[in-house]
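Residue strings, one per chain:
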Amino acid sequence: MMKIKHIILLCIALIMTACQCPTDIDTPRIIEPDNATNLLFINATAQGDLDIYSSDILIYSKLKYAEATYSYKKAQAGVDLLMIKINSTDKNIINVPIDLKKNDYYTVIFYDISSIVNFMLLSDNYTANTIKTHLRLINSSVIYPHLLFQIESGDNLISNDLNMLTNTAFLEANSGNYHINVIETESQKIIAKIDNFEFKQGSAYSIIFRTNTSIPDLFIVEHSKN
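Cut-offs and rules
- Residues numbered from 1 in each chain as written.
- Predicted model: local features only at pLDDT ≥ 70, side-chain atom pairs only at ≥ 80, totals over all residues.
- Heavy atoms only, no water.
- Helix = DSSP H or I, 4+ residues; strand = E, 2+ residues; numbered from the N terminus.
- Buried < 20%, exposed > 50% of the residue type's maximum accessible area, 1.4 Å probe, protein only.
- Contact = heavy atoms within 4.5 Å.
- Areas by Shrake-Rupley, 256 points an atom, 1.4 Å probe, with all protein chains shown as cover.
- Pairing = 2+ DSSP bridges.
- Axes fitted to C-alpha atoms, helices over the stretch in contact; angles between N-to-C directions.
- Phe/Tyr/Trp six-rings, centres within 6.5 Å; stacked < 30°, edge-to-face > 60°.
- Lys NZ or Arg CZ within 6 Å of the ring centre and 35° of its normal.
- Core = buried A, V, L, I, M, F, W, Y, C linked by side-chain atoms within 4.5 Å.
- Salt bridge = Lys/Arg side-chain N within 4 Å of Asp/Glu carboxyl O.

Enquirer: Explain the overall build of the protein chain to me, please; I cannot follow it from the model alone.
Expert: Looking only at helices and strands, the protein chain features one helix and 17 strands. Taking all 226 residues of the protein chain together, the buried fraction comes to 41%. Taking the intrachain contacts of the protein chain between residues at least 6 apart in sequence as the baseline, contacts between residues at least 24 apart amount to 57%. Just so you have it, the protein chain exposes about 12,800 Å², and 53% of that area is on carbon and sulfur atoms.

Enquirer: I keep staring at the sheet that holds strand β14 (residues 176–184) and nothing clicks. Help me out?
Expert: Adjacent strands of a sheet pair through backbone hydrogen bonds, lying either parallel or antiparallel. One open sheet holds the four strands; their spatial order is β11-β10-β14-β15, and the pairing between them is antiparallel. Looking along the sheet, the strands with just one partner apiece sit at the ends: β11 (156–163) and β15 (189–199). Going across the sheet, the axis of each strand differs from the next one's by a mean of 15°, ignoring polarity. The pairing of strand β10 (residues 146–153) with β14 spans six bridges and is antiparallel. Bridging from a neighbouring strand, Ile151 pairs with Ile180 of β14.

Enquirer: It is not clear to me how the packing of aromatic side chains should be interpreted in this structure. Could you clarify?
Expert: Here a ring pair, both rings aromatic, is described through the centre-centre distance and the interplanar angle of the planes. One pass over the structure, following the stated rule, counts 10 aromatic pairs. A centroid spacing of 4.9 Å and a plane angle of 70° characterise the contact between Phe199 and Tyr205, whose relative ring orientation is edge-to-face. Residue class for Tyr205 comes out buried when judged on its relative accessible area of 1%. Taken together, the ring pairs in this structure connect Phe41, Tyr60, Phe110 and Phe119 into an aromatic cluster. Lys85 extends its terminal NZ or CZ atom over the ring of Tyr53, reaching a point 5.3 Å from the ring centre. The ring of Tyr65 is capped by Arg210, whose NZ or CZ atom sits 3.8 Å from the centre of that ring.

Enquirer: How do you make sense of the nonpolar core when you look at a structure like this?
Expert: Here is a general trend for soluble globular proteins: nonpolar side chains tend to be buried in one another's company. Membership of the largest hydrophobic core comes to 32 residues, with the highest contact counts inside it found for Phe41, Ile52, Leu63, Leu82, Ile109 and Phe110. Every element with two or more residues in this core is listed here: β1 (36–44), β2 (50–54), β3 (57–63), β5 (78–86), β6 (91–100), β7 (105–113), β8 (116–123) and β17 (215–223). In terms of residue count, β7 provides more of this core than any other element does, six residues in total. Setting aside residues no more than four positions away along its own chain, Leu63 makes contact with Phe41, Ile42, Asn43, Gly48, Asp49, Leu50, Ile52, Tyr70 and Phe110. One finds Leu135, Leu147, Ile180 and Phe199 within the second-largest nonpolar core, a separate group that totals 20 residues.

Enquirer: Help me out: how do you make sense of the pairing of β8 in this one?
Expert: Regular strands show a simple pattern: their side chains alternate between the two faces of the sheet. Where β7 and β8 come together, eight bridges link them in antiparallel fashion. Within β8, the position partnered with Tyr111 by the bridge is Asn118. In sequence, β7 turns back onto β8 through a hairpin of two residues, with Ser114 there showing a positive phi of about 60°.

Enquirer: Explain the sheet that holds β1 to me, please; I cannot follow it from the model alone.
Expert: Here we have four strands laid out as an open sheet, ordered β4-β1-β7-β8, and mixed in their pairing. Of all strands in the sheet, those with a lone pairing partner are β4 (73–76) and β8, marking the two edges. Pairs of neighbouring strands in the sheet enclose a mean axial angle of 40°, with direction left out of account. In this sheet, β4 lies alongside β1 in antiparallel orientation, the contact comprising four bridges. Counterpart to Ala36 in the pairing with β4 is Gln76.

Enquirer: Help me understand the pairing of β6 in this model?
Expert: In this sheet, β6 lies alongside β5 in antiparallel orientation, the contact comprising nine bridges. Each residue of the ladder has a partner; that of Leu81, found in β6, is Pro97. As consecutive antiparallel partners, β5 and β6 are separated by four residues, and within that stretch Asp90 has a phi angle of approximately 65°, a positive value.

Enquirer: Help me out: how do you make sense of the pattern of salt bridges in this one?
Expert: Side chains that differ in charge, positive against negative, can pair when their charged atoms come close. On inspection of all chains with the given rule, the structure shows five salt bridges. Among the salt bridges present, the one from Lys64 reaches Asp49, with a minimum N-O distance of 2.9 Å. Placement of Lys64 in the loop between β3 and β4 and of Asp49 in the loop between β1 and β2 is noted, with a sequence separation of 15 residues between them. With relative accessibility at 40%, the residue Lys64 sits in the partly exposed group. On the basis of relative accessible area, Asp49 is assigned to the partly exposed category, the value being 24%. Here Asp217 makes a salt bridge to Arg210, at a shortest N to O gap of 3.2 Å. Among the residues examined, Asp217 registers a relative accessible area of 21% and is labelled partly exposed.

Shape is all these values report; function is a separate question.
What follows is the structure, given as structure tokens:
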């Protein structure tokens, strides 16, 4: 009888040791895949915080419109199922396959078009230059169909017309402090600007024009692949 009791107690001890219960079952678990690509996400919608899934695996929780810093997240390479939910309601707003190359880098910008959320998928591949800086201009708004971007520092001027949902490639420029204006082409009015922004030597940046609830703004992301 004592021998049976010891066996039963040993089994209970093994079961309790094997059970690894989470400390907080409400905390989402973020998993990075082995066969991975790199995605940087930007929320330009009026939908609130976004939860982002790669092939049903949560890779970014509560992406805010006014996110202060950005870093690349690992996602499944190959044909990946990108799913986006509104964090506050768990409502699914995007569920679409995208084809991603292993070890490449991408920027994904979510934007509103009427009551639907869509996205721009941009490749972040560029030739590194330790002397220059790299600047990419993006119009992620559907409210302003024609814009003029002007980035100026002394004698250095970058000027580009962009239609809605279009972007330039990464453009080489001298490093330094720049004044950035976005001009609405028809009215010739400055609708968004940033003064005295420093673009560092050897770095790359995306300058993104957004409209959240019709209010235009500029958002600058420094791309760090470390």
